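Commentary on secondary and tertiary structure
Given next are the chains, with one letter for each unit.
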Amino acid sequence: MSLTRRGFLFVLGAGAGVTLSPVMWKLTDDVSIWTQNWPWIPRLQYGPLDRKPALSKSFAGGSPIRVLTVGGRPSIALGNPDHPLSQGALSAMAAPEVQMLYRPSRIAGPLKKTAAGGHEPISWEDAAALLAEKAKEAGSSTAVITGDINGTTREVFSALLGNLGSTEMYPMPCEQQTAAMAWNGLMGGSGLPGFDIENSDCVLALGADLLESSGTPVRNAKAFSKARPMGETPKTTWIACGALKNRTAAVSDIFVAVPPGGEGIFALGLANLLIASGAWTMAPDFETFRSVAAAWTPARVQEAIGVAPEQLALVAETLKKARRPLVVPGAAPGQGGSPAAYAAGLALNVILGNVGQPGGIRPLPSLPGVVSGAMTREAMLAKDLVACLKAVAAGTKAAPKLLMVYEANPRYALPEAEAMNAALDKAGFVVSFSSFMDETAAKADLVLPNPLSIERFDDLETPYGSGFVSYTLGMPVTKPVVDAKSSADVVLGLAKKLGMDLGFSSFEAVLEAKMAAVEATPGFIAGQTTPWDAIAKGIEPVGAAVARGLKSGKAFVSVRTVGNEDVYLGASSLARIVAVKPDGLLLAPQFLLNVGTQNVALPPHNTPTIRRNELVGKDLMVSLNGQTASAAGLKAGDRVSVTSSAGSVKGRVYIDESVMPGVVSAPLGFGRTVGDEFSKGKGDNLFKVLTVTEEAGTGKPTWASVAVRIAKG
């Protein structure tokens, strides 16, 4: 049908009428108002602003923070300028703390495993009754794995175990444990080794990524920036050694490429040169140590790990000239480091004469415990989880009838992941105290969600790496947004059901007692006087109003140290240190906080921080330099498999000339099989290829030097 001129004008007039009519616009306005009132539409929060002190415990070093609240509702996490571990800055894991309240993988309430292998909701009352029944049945065959070694919650769990007749409480592998193996075990030292970076004028990071994830990275970064102000002459020289230019090495004055597992030999080579130039100590085994170090001549060091004699001499001379040199041993992956390498690094501090001195290594005492029958932190650090699970797998140790896992994900974050999972499968009844659904919680028989650290009472005692004793109180800034209960309170309730008296009815009461014990300890609330200033001046202000200071977000600190006049150098163990000669390439894992931690997967708000040398799409990026890639017949972007004797991961090649020849590097933290869309199915889990070996000389498990093969596919 054709459109006539009359018809066209009619249509035009009708359209204009509709357009000019107020009815259409009124309806549009009504729809707009209606849709804006839908109950699920996000709304701005209005009300008074406040900055409440809190504590983020999403990684081992902890982050004292302030939470900006609007009308009482948490809005954003900020650094805490009043706290010496923060000084107003945030770690990559603390920054999204508020947003993590609403993460899709949060566990909404207690869950019980079904016959089909899934989970179904269970009331807290029924969950408590079931847990009490299983604990009563298991008795002394009860074990705990904890991802938090620096909080008083560990006292509550270990006291329960003690009343059940068990001492099976294991920390997840960490740098703090390796340092304890070296300092307390191989060297006979006392206290927890701490590092006074603020007062040092020369810092050697011996394998430790101090500015990314090692120890207290926020505090370390603050010390670095204050000693090296923009446009001025640096007051501190930084030296880094490792298999690639990580975050610390990239900004250091001197970088020495050392293959994974070669840090101990590098330290002994330095000891050789330092002793030859006059370094000396009264350590009982100094003469034996001198002989051990003398065998590691510059030529032999070069043959063993490829470090040129002139590089070795440069580092030794730099340490020698410094007034306050400091060597900080570490493991870039944050776990599985070589105890011998740690001992060699700590021994360098002893022969440099800096033990207990400003700018040196500071052996720190632990704060008093308050829960009767609890294990000390030192005793807990001596418990080796990997060795335990290997014994369970081999059938030489019985699996626990009841296994409780607190803020840890051992099914994901242990070396030889497949073998460790097989050992964990032998446990009888498994309880996961986790805030998020992860690999361990997904297989647990009972899941009891723990509130996030800004929803609960918690605390932090002297994280590893700190140069001073500290205590931080964490208080809830909001009620749990899900049906979660404090794990410590659940365990106290369990003890009561079993007829045990742990001395407290609530964890808040435990922390009140802890604050009273801290107040009776020599120290002070950090404020106008910082702990590093007190160390430098040799003073310790008198403490006052400790509880009030802690509740306001400040830190209790003490600059006292433990005497170590007769500390050994670990010479008998270091005498058997050997060079690593891999059949293939060596693996250099990276622990990057923005990617996540052992027990917390990649936070949704951190996804924009992922770099193209870490993850592209859903592919793990495997970094190696051009020479190594060419020798393997690979080019950038090739899909590859990286395989060890323990397992295999897949990824794509990224050419990075900062990775030393003969080394393959990739980040830990990817490859989650459980969780939400932001982390699940992205990349591969590098823990699968980490291979455990028994270290020569120490007999301790280590995965510091893992041989791998790389091939297309």
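The written sequence of each chain sets the order in which its residues are numbered from 1. Where local features are concerned, this predicted model is filtered to residues with pLDDT of at least 70; where side-chain atom pairs are given and counted, the filter is 80 or more; whole-chain, interface and lining totals use all residues. Note: side-chain values were computed over all heavy atoms of the structure, leaving out hydrogens and water.

Side note on the overall build of the protein
The criterion, for reference: Going along the chain from the N terminus, every DSSP run of H or I of four or more residues is numbered as a helix, and every run of E of two or more is numbered as a strand. Radius of gyration here uses only the C-alpha atoms, and the compact-globule reference equals 2.2 Å multiplied by the residue count raised to the power 0.38. Burial classes: relative accessible area under 20% of the type maximum marks a residue as buried, over 50% as exposed, and values in between as partly exposed (1.4 Å probe, protein chains only). Residues count as neighbours in contact if any of their non-hydrogen atoms are within 4.5 Å of one another. Throughout, the Shrake-Rupley method with a 1.4 Å probe supplies accessible areas, and for residues the shown protein chains are the sole cover considered. Positive charges are assigned to Lys and Arg, negative charges to Asp and Glu, while His and the chain termini are left out of the count. In plain terms, the charge of a residue is placed at NZ if it is Lys, CZ if Arg, CG if Asp and CD if Glu.
Helix and strand content of the protein: 22 helices and 29 strands. Relative to the globule expectation of 27 Å for 713 residues, the C-alpha radius of gyration of the protein, 28 Å, shows essentially globular dimensions. Judged by the C-alpha coordinates and their principal axes, the protein covers about 110 × 70 × 55 Å. Classification of the 713 residues of the protein by burial places 57% in the buried group. Long-range pairs, those at least 24 residues apart, make up 74% of the contacts in the protein with a sequence separation of at least 6. When the accessible surface of the protein is totalled, it reaches about 28100 Å², and 55% of it is carbon and sulfur. Each charge class in the protein can be summarised by its mean position, and for the 65 positive and 61 negative side chains these summaries are 5 Å apart.

Some thoughts on the sheet that holds strand E20 (residues 556-558)
Put simply, the test is: Should DSSP find at least two bridges between two strands, the strands are taken to pair. What counts as an axis is a line fitted to C-alpha atoms, over the stretch in contact for a helix, and the angles between N-to-C directions run from 0 to 180 degrees.
Pairing in this open sheet of four strands is antiparallel, and the strands run E17-E18-E20-E19 from one edge to the other. Each edge of the open sheet carries a strand with a single partner, namely strand E17 (458-461) and strand E19 (524-525). Relative to E20, E19 runs antiparallel, the two sharing two bridges. Note on E20: the bridge partner recorded for phenylalanine 524 is valine 557. Across the sheet, helix H18 (residues 507-519) is in contact with E17, strand E18 (469-474) and E20; its angle to E18 comes to roughly 150 degrees.

Let's talk about the environment of proline 229
Relative to the helices and strands, proline 229 is located in the loop between helix H6 (217-227) and strand E10 (237-242). On a C-alpha basis, the gap between proline 229 and serine 572 in space is 43 Å, while along the polypeptide they are 343 residues apart.

Focus: the packing of aromatic side chains
Using the following cut-off: Note on aromatic pairs: the rings of Phe, Tyr and Trp (six-membered ring only in Trp) are paired at centre separations within 6.5 Å, and the planes decide the class, stacked below 30 degrees, edge-to-face beyond 60, tilted for the rest.
Counted under the stated rule, the structure contains seven aromatic pairs. Look at phenylalanine 157 and tyrosine 406: their rings are 5.3 Å apart centre to centre, the planes differ by 40 degrees, and that puts the pair in the tilted class. Of this pair, phenylalanine 157 sits in helix H4 (residues 153-164) while tyrosine 406 sits in strand E14 (residues 402-406), and the two are 249 residues apart along the sequence. With respect to class, phenylalanine 157 is no different from tyrosine 406; both count as buried. Here phenylalanine 157 and phenylalanine 433 contribute two aromatic rings whose centre-to-centre distance is 5.5 Å and whose plane-to-plane angle is 80 degrees, an arrangement assigned as edge-to-face. Taken as a pair, phenylalanine 157 in helix H4 and phenylalanine 433 in strand E15 (residues 429-433) lie far apart in primary sequence, 276 residues in all. Neither residue differs from the other here; phenylalanine 157 and phenylalanine 433 are each classed as buried. Pairwise contacts between aromatic rings join Phe157, Tyr406 and Phe433 into one cluster.

Let's talk about the pattern of salt bridges
Opposite charge on two side chains permits them to pair, given that their charged atoms come into close proximity. Basically, it comes down to this: A pairing counts as a salt bridge when a side-chain nitrogen of Lys or Arg comes within 4 Å of a carboxyl oxygen of Asp or Glu.
Tallied over the entire structure, the rule returns 29 salt bridges. Note that aspartate 148 is salt-bridged to lysine 57, the shortest N-O span being 2.6 Å. Of this pair, aspartate 148 sits in the loop between strand E6 (142-146) and H4 while lysine 57 is found in the loop between strand E1 (49-56) and strand E2 (63-70), placing the two residues 91 residues apart along the sequence. One salt bridge in this structure joins glutamate 461 and arginine 154, with 3.5 Å as the shortest N-O distance. You can see glutamate 461 sitting in strand E17 and its partner arginine 154 sitting in helix H4, a full 307 residues away along the chain. Judged on exposure class, the residue glutamate 461 and its partner arginine 154 are both buried. One salt-bridge network, in which partners are shared between bridges, spans Arg154, Glu155, Arg377, Glu461 and Lys514.

Points about the side chain of asparagine 625
The cut-off we apply is this: N or O atoms within 3.5 Å of each other form a polar contact, as long as, within protein, one can give a hydrogen and the other can take it, and as long as residues adjacent in sequence are counted only when both atoms are side-chain atoms.
With respect to the element layout, asparagine 625 can be found in the loop between strand E23 (619-624) and helix H22 (626-631). A relative accessible area of 4% places asparagine 625 in the buried class. Engagement of the side chain of asparagine 625 in a polar contact is seen with the backbone nitrogen of glutamine 627, the distance being 3.2 Å. Leaving out residues up to four positions away in the same chain, asparagine 625 has contacts with Ile655, Asp656, Glu657, Val659, Met660 and Pro661.

Brief notes about the packing of H4 against helix H17 (residues 487-497)
Applied cut-off: Roughly parallel refers to an angle under 35 degrees, roughly antiparallel to one over 145, roughly perpendicular to one between 65 and 115, and oblique to any angle outside these ranges. Helix crossings are classified by the rotation of the near helix relative to the far one: an anticlockwise turn of less than a right angle makes the crossing left-handed, while a clockwise turn makes it right-handed.
For the pair H4 and H17, the least separation of the axes is 9 Å and the interaxial angle reads 25 degrees. The angle between H4 and H17 places the two elements in the roughly parallel class. The two elements H4 and H17 cross, and the hand of that crossing is left-handed. Together, Thr153, Val156, Phe157 and Leu160 of H4 and Ala488, Val491, Leu492, Leu494 and Ala495 of H17 make up the contact between the two elements.

What about helix H5 (residues 175-186)?
Which entries qualify depends on this criterion: For a helix, the expected span equals 1.5 Å multiplied by the number of residues minus one.
Its 12 residues give H5 an end-to-end C-alpha distance of 15 Å, which sits within 8% of 16 Å, the value for a rise of 1.5 Å per residue. Most of H5 sits inside the fold, with 10 of its 12 residues counted as buried. Residues of H5 that are buried: Glu175, Gln176, Gln177, Thr178, Ala179, Ala180, Met181, Ala182, Trp183 and Leu186. One or two residues past the end of H5 sits glycine 188, with phi positive at roughly 70 degrees.

Points about the environment of asparagine 599
Note on placement: asparagine 599 falls in the loop between strand E21 (585-590) and strand E22 (615-616). For the pair asparagine 599 and alanine 427, spaced 172 residues apart in sequence, the C-alpha to C-alpha distance is 20 Å. Filtering out sequence-adjacent residues up to four positions away, asparagine 599 remains in contact with Ser58, Glu407, Ala408, Asn409 and Asp438. Polar side-chain contacts of asparagine 599 include one of 3.3 Å to the backbone oxygen of glutamate 407.

Side note on the sheet that holds strand E5 (residues 119-121)
Hydrogen bonds along the backbone pair up the strands of a sheet, which may run parallel or antiparallel. Spatial ordering of the open sheet is given by E5-E4-E16-E15-E14-E6-E7, a layout of seven strands whose pairing is mixed. Both edges of this open sheet fall to E5 and strand E7 (169-171), since each of them pairs with a single strand only.

Thoughts on H17
For an α-helix the count is 3.6 residues per turn, leaving residues at separations of three or four pointing the same way. Those residues of H17 that sit buried are Ser487, Ala488, Val490, Val491, Leu492, Leu494 and Ala495. Residues of H17 that are buried sit in contact with helix H3 (124-138), H4, E14, E15 and H18. Positive backbone phi, at 80 degrees, marks glycine 499, one or two positions downstream of H17.

Overview of the environment of serine 91
Its location among the elements puts serine 91 in the loop between strand E3 (73-79) and strand E4 (111-113). Looking at serine 91, the relative accessible area reads 5%, which means it is buried. For the pair serine 91 and glycine 79, spaced 12 residues apart in the sequence, the C-alpha separation amounts to 8.7 Å. Once residues lying within four places of it in the same chain are set aside, the contact partners of serine 91 are Phe59, Ser63, Val218 and Leu593. Among the polar contacts listed, one links the side chain of serine 91 to the side chain of serine 63, at a separation of 3.1 Å.

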